[in-house]
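# Examining the three-dimensional arrangement
Listed below, chain by chain, are the residues.
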Amino acid sequence: MNHDSYSDSYIRGILNTVKTIAMVGASEKQNRPSYFAFKYLLERGYRMIPINPGHAGETMVGQPIYARLADIPEPVDMVDIFRGSQYALPIVQEALALKPPPSVIWMQLGVRNDEAAALAEANGMKVVMNRCPKIEYGRLSSEIAWMGVNTRTISARKATIGGVQRMSLNRVTAPGGATAASDRVQRGDGGH
Amino acid sequence: MTERIPGFSTLAVHAGAQPDPTTGARATPIYQTTSYVFESVDHAASLFGLQTFGNIYTRIGNPTNAVLEERVAALEGGTAGLAVASGHAAQVLVFHCLMQPGDEFVASKKLYGGSINQFNHAFKNFGWNVVWADPDDISSFERAISPKTKAIFTESIANPGGVITDMDAVAQVAKRAGVPYIVDNTLASPYLCRPFEHGADIIVHSLTKFLGGHGNSIGGMIVDGGTFNWSRERRYPMLCEPRPEYHGIVLHETFGNFAFAIACRVLALRDIGSALSPFNAFLILTGIETLPLRMRKHCDNTLTVAQWISNHPKVAWVSYPGLPGDRFHNLAKKYCPNGAGAVFTFGLKGGYDAGVKLVSNVKLFSHLANIGDTRSLIIHPASTTHRQLSDAQKTAAGAGPDVVRLSIGIEDHEDIIADLEEGLAD
Ligand SMILES: Cc1ncc(COP(=O)(O)O)c(C=O)c1O
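In this text, all values refer to a predicted model and were calculated from it rather than measured experimentally.

## A closer look at the sheet that holds strand β2 (residues 104–108) of chain B
Residue and element names in this part refer to chain B. What the seven strands build is an open sheet, ordered β1-β9-β8-β7-β4-β2-β3; its pairing is mixed. Since the sheet does not close on itself, it has two edges, and those belong to β1 (80–84) and β3 (129–133), each with one partner. Neighbouring strand axes in the sheet, compared pairwise and without regard to direction, differ in orientation by 20 degrees on average. Note: β2 against strand β4 (residues 149–155), three bridges, orientation parallel. Paired with Glu104 across the two strands is Thr149, which belongs to β4. The strands touched by helix α3 (residues 63–76) are β1, β8 (202–206) and β9 (220–224); relative to β1, the strand with the most contacts, the crossing angle is about 130 degrees. In this fold helix α11 (residues 259–272) packs onto β1, β8 and β9, with an angle of close to 30 degrees to the strand it touches most, β1.

## Here's the deal with the site of the ligand
Residue and element names in this part refer to chain B. Taken together, the neighbourhood of the ligand is formed by 16 residues, with Gly87, Asp184, Ser206, Thr208 and Lys209 sitting nearest. Ser206 is positioned with one of its side-chain polar atoms (N or O) 2.8 Å from an oxygen atom of the ligand. Here the ligand has 390 Å² of accessible area as a free molecule, and 91% of this is covered by the chains. Residue contributions to the shell around the ligand peak at three residues, all from helix α4 (residues 87–98). Each residue belonging to the shell around the ligand can be placed in one class, and the counts come to four nonpolar, nine polar and three charged.

## Some words on the interface of chain B and chain A
In many reports, interface size means the accessible area that the parts give up when they come together. Listed by partner, the interface residues are 59 residues for chain B and 53 residues for chain A. For the pair chain B and chain A, the summed buried surface comes to about 4800 Å²; carbon and sulfur atoms form 56% of the total. There are one salt bridge connecting chain B and chain A. Glu253 of chain B is paired through a salt bridge with Arg32 of chain A; the nearest N and O atoms lie 2.7 Å apart. Taken together, the connections running from chain B to chain A amount to 16 residue pairs in polar contact (both at pLDDT 80 or more). Breaking the side of chain B that touches chain A down by element, the ones donating at least two residues are α1 (8–14), α2 (41–48), α3, β1, α10 (251–255) and α11 of chain B. Class assignment for the residues of the side of chain B that touches chain A results in 23 nonpolar, 24 polar and twelve charged.

## Here we look at the environment of Ser9 of chain B
All names here are of chain B. Take Ser9: it is sitting in helix α1. Here Ser9 falls in the partly exposed class, since its relative accessible area comes to 37%. In this structure the C-alpha to C-alpha distance between Ser9 and Tyr191, which are 182 residues apart in sequence, comes to 8.9 Å.

## Description of unusual backbone geometry
A cis amide bond, omega -5 degrees, links Lys99 of chain A with the succeeding residue Pro100 of chain A. Along the chain, the position of Pro100 of chain A falls in the loop between α3 (88–96) and β6 (104–107). Residue Pro160 of chain B is reached from Asn159 of chain B by a cis peptide bond, and omega for that bond is 10 degrees. Counting through the fold element by element, Pro160 of chain B comes out in the loop between β5 (157–158) and β6 (163–164). In this model, Gln165 of chain A sits at a positive phi of 50 degrees, which is unusual for a non-glycine residue. Tracing the chain through its elements places Gln165 of chain A in the loop between β9 (161–163) and β10 (166–167). Since its relative accessible area comes to 13%, Gln165 of chain A is described here as buried.

Thresholds, definitions, all that
Residue indices follow the written sequence of each chain, beginning from 1 at its first position. The order in which chains are written sets their letters, starting at A; the order in which ligands are written sets their numbers, starting at 1. This being a predicted model, a pLDDT of at least 70 is required before a residue's local features are given, and a value of 80 or more before pairs of side-chain atoms are given or counted; all residues contribute to the totals for chains, interfaces and linings. With hydrogens and water stripped out, all remaining heavy atoms of the structure feed into the side-chain values. Whether two strands pair depends on DSSP finding at least two bridges between them. Per the convention used, a helix needs a DSSP run of H or I reaching at least four residues, while a strand needs a run of E reaching at least two, with both numbered from the N terminus. To get an axis, a line is fitted to the C-alpha atoms, and for a helix only the part in contact is used. The angle between two axes follows their N-to-C directions and goes from 0 to 180 degrees. In this analysis, two residues are considered to be in contact whenever any of their non-hydrogen atoms come within 4.5 Å of each other. Being near a molecule or strand, for a residue, comes down to having at least one heavy atom within 4 Å of it. The term polar contact refers here to a pair of N or O atoms within 3.5 Å; inside protein, the definition further demands a hydrogen-donor-capable atom paired with an acceptor-capable atom, and it admits residues adjacent in sequence only when both atoms are side-chain atoms. Computed by Shrake-Rupley with a 1.4 Å probe, the accessible areas treat only the displayed protein chains as cover when residues are assessed. All amino acids are sorted into three groups, where Ala, Val, Leu, Ile, Met, Phe, Trp, Tyr, Cys and Pro are nonpolar, Asp, Glu, Lys and Arg are charged, and the leftover types, Gly among them, are polar. Accessible area that two parts lose when put together, evaluated with a 1.4 Å probe and summed over both, is termed the buried area. A side-chain nitrogen of Lys or Arg and a carboxyl oxygen of Asp or Glu constitute a salt bridge if their distance falls within 4 Å. Burial classes follow relative accessibility: with a 1.4 Å probe on protein chains only, a residue under 20% of its type's maximum area counts as buried, one over 50% as exposed, and anything between as partly exposed.

Interpretation in functional terms is not warranted from these geometric data alone.
Shown next as structure tokens:
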């Protein structure tokens, strides 16, 4: 599968199916991007499980932190990798050893490891690389448009509310244009 | 599965807007409110900490304005936008996010006169020092770069018209200097020119002009191209250093390729306060829906009028890059293939008095200091906007005593020409 771009329906399909997400590299520090994404996804109703060997036994936004994926006492649908690209392969190997294994491997914005992706796909997992699930949730629900962000979706269908200042992912959209510029930077080869 | 990318006219109508989720209202509602209720203390904390997306207070964000922001960002091919009170406000906020007192930026000296004033005077008071360069000589940009340079600024089509900036060449200078390239795309609008495709990193607009298009609302826009790496040389503390205003978060690391637009909102607009009224945003949005139709008519009319006027016996010269033979015609074909805009200047053989006479005689043209209206507009800069300057200064600014500026509207071109013909008659 091509990992330079993903269709909105592929991403929406993943975010609509998974319920439990283990975030490897989650930080309890309130000013870290992983904390932002963790808290947001928790507030959007996902069961969030932080993985951080340095802080195992503590809690993050009320959720117990585990040292390793293998320590999680329940099945996980998706592993979100918030670590450098070089760590992605061993994390996928750990994920594959889980019983049952997760169905999705998601690598954060700036994280890409094609070997890890190939291994996961060979084992029937869906893979997303170099994207943030918080940004994608905000984009496809249109919540992120409140910050002036180009969601690259258009729609003549009424959106669905998910709560006070919350929009649901269940929104019917057509693609709304390209931001070649943004993808260039996401891949890290276009910024100067 | 391939996903279709919609065309420009589709985005002009749809981008950013969707039927209102509570009422089903199809037109974008005017959210005429100052503030938004929090669901809980936790929700408020998440909003103030930038951990969730949403609205707090209309100085920082408003759902009507947000539709406008996404609309213009989509038309420009950028990652995010920020709507503000005026084009000038957009420029203040952009430079606030880039400059520290004592820093420099390089700007084309062929700019809207108001921007020249803003840079020379207001910005100097902030300790932001402009260094002028000449778009006719790209090496002058290179020579103007110093270790203190933080940005390069040009217009795409320069007001009062006639100058097209070689943006690819300026962008190369910016890349070599490691600074962002800011383009004011007001006169072209994204329909005629797309600066991100030519190396711009940030685009600013006066929405007051062709985007709003009907002469009824002042507004400005900042669009983030998502192309600049703010962390590489760590020269932009608003973007790459922990922000004390927000518990030490680093905006570039947290918001990635739309961090600049977020910085302009949560650091600059929040603290400087030049917010756009949602009512203005609504009017401008309505204007943008017909931008492609209007720009085609503006450009067709302007070419016809410029051709006619260049053959008039009382006219000494015409500066419109849409005319074959104009010295910017080749750059216009490259950067604005769909038309060279609707603003141009010409010189009257009769000098100052002939200019005064023309603006006094016309009946269809409105004599006023704006451009980019459905109506045709005329001004004689030497007797109005540039009155306080010496003749030498006027000429240097492209506003010599003989110069008349037109902004051609979308009326029937026969009527526009008839009005000029009568106005020029003895
Ligand atoms: C090219 C250009 N940039 C900026 C501005 C300033 O915009 P505003 O009047 O909306 O502040 C103008 C206004 O004439 C303009 O023509």
